[in-house]
Amino acid sequence: MSEMKIFLEKIRSCWDGENEITIDEARKVVKEINEFLYTNYPGIGDTFALGSSYPYFSDFHRYWEENHKEILNIKINETKCESVADVMHGIFVETEGQTFTNIWNMFGLSNEEVCRVRMLTANQDFRGSRSFEELAKIYEDDPTIFDLEKIQSSPDEFIKDIGAAKLSQNDKRISYAKNLVNLLIEKETEPFAILEKYNNSVMGFKDDLLARQTGYGNKKADMFIRDMIVLNIWNDVTGFEEINVASDVNTMKVALRTGIIETEIPLVSSFLDIFCYQYGDVDDMNASAWRKVWEIWKEKYPTECIKSPCLMDYFIYDVVGKQFCKPTLAIFKCDECEHTFKWHSGRNKTCQVCHAAGIKNVRATKIASVMPCMDEEGSIAIQKSKFVSQEGLMPYLQACPFKTICDSTNKRFLEPPKSISILGQTGWTSAYAEKDKGGGGLMS
Ligand SMILES: [Zn+2]
Ligand SMILES: [Zn+2]
């Protein structure tokens, strides 16, 4: 009999279904819910995660592991994918492809040096250009820190030197550093030339990187490979089209709101998503959906398309996800007059209407923040976004390019999933509780 059925029968027996619920009955319900969701018992069985086995967290956990896929029923909506593909193609044509080949700052390092610094650190949780700037400085100060033999003989020093020792899981970091340089030394090569050892096949390289416990998972490997190709550090490679969009909360958010992925019920809270099954599925389907967008785009406009889905990353993640699809339009009310006005920054303190009329020093109070696509004056925020105001690729853009799609899906309120990690101080494995013992859960 399924865990769910047993649970529902217990809940049903708590109440006669007619009279008001007494505190005694409510007490039983609370106990049953807690037991079902958050307690285990000897003999509950084991699940397999992250290379080890763990006892189930609860009967619900066991049920969720088996049934989450069918319950959520995540699907890719191809019609929406085509709408998104058309928008992407339009942007490609308008900006002559430049929106999709955003080149990040190399801070004066050569191709060889950028490749070395990125490859040896991207597996240690350093992300984005800001941390690259710090790492580039560390390299400038003392390039020998990144010497392969030096790392091989004292990987712990390397972890300290790049500033990763203050992050958690130090032992793991040391072994990642060591396994990675071992791979390079064994292949008798340097990061810049590693692809030659795999006949320039990015997938051959990626598979090996993932198999050797180097700290590179799917996503980190994809992002590293993408950057090397976008920066033209690696060229003439094969298999670039296999690299997916790097799934994250921003790309998931845009996928859910445009409707390219759909779920049968709204995503559940991370408190129910024990061991991150929902998060993992949304993550996978998100990458597949963006790949679908790319496939449709490439098929419809073969000569006006990017070379790999991963090149959509910058636009979806950084521009749409972090700049447009957020409540960046602030609505203010003047502290002294009746009028309200919209502004691109919530940090404003002045009544801009009074000021423009020559009445200075009148304060204003923010009464709301909305997404630009939800307000007819949304262009105020879009025009001041970093993408529009600083990059000069689409200086006349007035609205998020996906606005029309979101208007028709009407799902712009959807939020991406969150995840509670499996391991660590605030992870599921620190939150176990046994039936009838009480307690358990997370403390922050
Ligand atoms: Zn005013
Ligand atoms: Zn929107």
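Attention here is on the structure that accompanies the text. (Residues numbered from 1 in each chain as written. Chains lettered and ligands numbered in written order. Predicted model: local features only at pLDDT ≥ 70, side-chain atom pairs only at ≥ 80, totals over all residues. Heavy atoms only, no water.)

**A few points about the coordination of the zinc ion (ligand 1)**
Those protein atoms acting as donors to the zinc ion (ligand 1) are Cys334 (SG), His339 (NE2), Cys351 (SG) and Cys354 (SG), and they sit at 2.2 to 2.3 Å. Of note is the zinc ion (ligand 1), whose 4 donor atoms meet at the metal with angles of 87 to 122° in an arrangement that counts as tetrahedral. Counting along the primary sequence, the residues that act as donors to the zinc ion (ligand 1) give the motif C-x4-H-x11-C-x2-C. A residue pair is termed long-range when its members are at least 10 positions apart, and cysteine 334 in strand S5 (residues 329-334) and cysteine 354 in helix H15 (residues 352-356) qualify at 20 residues. With relative accessibility at 2%, the residue cysteine 334 sits in the buried group. A residue is classified by how much of its surface remains accessible, and cysteine 354, at 4% relative accessible area, is buried. (Donors = N, O, S within 2.8 Å, 3.2 Å for Na, K, Ca; no water. Tetrahedral: all angles 85-135°; square planar, octahedral: opposite > 155°, others 65-115°. Helix = DSSP H or I, 4+ residues; strand = E, 2+ residues; numbered from the N terminus. Buried < 20%, exposed > 50% of the residue type's maximum accessible area, 1.4 Å probe, protein only.)

**Concerning the environment of leucine 50**
By secondary structure assignment, the location of leucine 50 is in the loop between strand S1 (46-49) and strand S2 (52-55). Judged by relative accessible area, leucine 50 falls into the exposed class, the value being 61%. Counting along the chain gives 50 residues from leucine 50 to phenylalanine 100, while the straight-line C-alpha distance between them is 34 Å. In this view, leucine 50 contacts Ile422 and Leu423; residues no more than four positions away in its chain are not counted. (Contact = heavy atoms within 4.5 Å.)

**Quick look at the pairing of strand S6 (residues 340-343)**
Strand direction decides the pairing type here: S5 and S6, joined by 4 bridges, are antiparallel. From the neighbouring strand, isoleucine 331 faces S6, where its bridge partner is lysine 342. What sits between S5 and S6 in their antiparallel hairpin is a turn of 5 residues. (Pairing = 2+ DSSP bridges.)

**Re the state of the cysteines**
Formally, a disulfide is one covalent bond, and it connects the sulfur atom of one cysteine to the sulfur atom of another. Applying the stated criterion across every chain, the model contains 0 disulfides. Of all cysteine sulfurs in the structure, the one in cysteine 310 sits closest to cysteine 115, which takes part in no disulfide; the separation is 15 Å. Of the residues examined, cysteine 115 reaches a relative accessible area of 0% and is grouped as buried. (Disulfide = S-S within 2.5 Å.)

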